[in-house]
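Breakdown of the fold
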Amino acid sequence: SSFLNAIFNWPLFSSSEKIESQLYKMFPSGYPVLCSSGRSALYLSLNHLEKKRGDLVGVFPYASHCVIDSISRITTPCFGMESKNCDLRIIYHQWGYVQEKNTINNSIDDCVDSLYIKGEKLFPSGSEFEIWSFPKILGTSSGGVLWCKNKIDAEKIKKLRDKNGNSFFQWILRLIANRNSFFYNYWSGGECVAGKPSSLQNAEIYSSLKKWDRI
């Protein structure tokens, strides 16, 4: 990632809505909601589904701390063999390798590090939601996408996202954390509930989207 990339491209693009429109043109099988990160996208999806502490969410083996943290903010993560019996599961398709298709239970596709060819069909397990992380697939300093199969869901989730305000301060913390790991815990602690990406974040994301074919 490059902070200078965000600064230099700031005059070119500053709208989350325009980025979402561009993503929809690239992948018309879903409706994108631009988020500050993959973990905030996961949090928003669980919030939209109105999950509570008593709901168990099945988690894949060796899930990272950010996944577990996002889930446990609202629900209770469930591991091991019992995870496949949960009403909702997170299915991780590492590097684009599809792990499961046509799941019986409700699921969320964790495709945070899957880089698709333009036009590729989304939702590999047949779920209603799919999550991307731009730092993992495009090398940006922030940004994620919550893909929704249903347009109405996408519009409702955008309203939930916007209630959390702007994620500019969170982004600055993340940039500082690249230099000083002391600040990473502060960024990590609040990232799940971060709001809409700022203009500078959007500039960096848009610049990277233009390089999609080359990447």
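Before going into details, it helps to say that this report is about the structure given with it. (Residues numbered from 1 in each chain as written. Predicted model: local features only at pLDDT ≥ 70, side-chain atom pairs only at ≥ 80, totals over all residues. Heavy atoms only, no water.)

A closer look at the nonpolar core
Put simply, the test is: Think of a nonpolar core as a cluster: buried Ala, Val, Leu, Ile, Met, Phe, Trp, Tyr and Cys residues, connected wherever their side-chain atoms sit within 4.5 Å. Any residue under 20% of the maximum accessible area for its type is buried, any over 50% is exposed, and the rest in between are partly exposed; the area is computed with a 1.4 Å probe on protein chains only. Going along the chain from the N terminus, every DSSP run of H or I of four or more residues is numbered as a helix, and every run of E of two or more is numbered as a strand. Working rule for contacts: check all heavy atoms of both residues, and any pair within 4.5 Å makes them a contact.
Counting residues in each nonpolar core, the largest one holds 25 residues, and the members touching the most others are Leu42, Leu46, Ile71, Ile108 and Leu146. Where this core is concerned, the elements lending two or more residues are strand E1 (31–35), helix H3 (38–48), helix H4 (65–72), strand E4 (88–92), strand E6 (129–133), strand E7 (144–148) and helix H6 (151–163). Excluding anything up to four places from it in sequence, Ile71 contacts Leu42, Leu46, Val57, Val59, Pro77 and Ile90. Membership of the second largest hydrophobic core comes to 18 residues, among which are Ile19, Leu23, Leu122 and Trp212.

Some remarks on empty space enclosed by the protein
What counts is decided by this rule: Every definition here rests on a 1 Å grid over the protein atoms only: cavities are sets of points where a 1.4 Å probe fits but cannot get out, pockets are open sets enclosed by protein on both sides within 12 Å along at least five of seven lines, and lining residues have some atom within 4 Å of a point. Grid points are joined across faces, edges and corners, and a volume is the space filled by probe spheres set on the points. Any residue outside Ala, Val, Leu, Ile, Met, Phe, Trp, Tyr, Cys, Pro, Asp, Glu, Lys and Arg is labelled polar, Gly included; the first ten of those are nonpolar and the last four are charged.
Throughout the structure, instances matching the rule amount to one cavity of 30 Å³ or more. Here the largest cavity defines a volume of roughly 40 Å³. It is helix H7 (residues 168–179) that provides the largest number of residues to the lining of the largest cavity, a total of three residues. In terms of residue class, the lining of the largest cavity is made up of two nonpolar, six polar and two charged.

With respect to the packing of aromatic side chains
Definition in use: Each aromatic pair joins two rings of Phe, Tyr and Trp (for Trp, the six-membered one) with centres within 6.5 Å, and gets the label stacked for planes under 30 degrees apart, edge-to-face for over 60, and tilted for any other angle.
The tally for this structure, following the rule as stated, stands at 13 aromatic pairs. Ring geometry for Tyr24 and Tyr31: centres 5.4 Å apart, planes at 15°, overall stacked. When its relative accessible area of 27% is taken as the criterion, Tyr31 is described as partly exposed. Seen in terms of ring centroids, Phe27 and Trp147 are 6.1 Å apart; in terms of plane orientation they differ by 75°. Their pairing is edge-to-face. Highlighted residues: Phe27 in the loop between helix H2 (16–26) and E1 and Trp147 in strand E7, separated in sequence by 120 residues. Neither residue differs from the other here; Phe27 and Trp147 are each classed as buried. A connected cluster of aromatic rings, assembled from ring pairs, spans Phe27, Tyr116, Trp132, Trp147 and Trp212.

Don't take any of this as a statement about function, it's just geometry.
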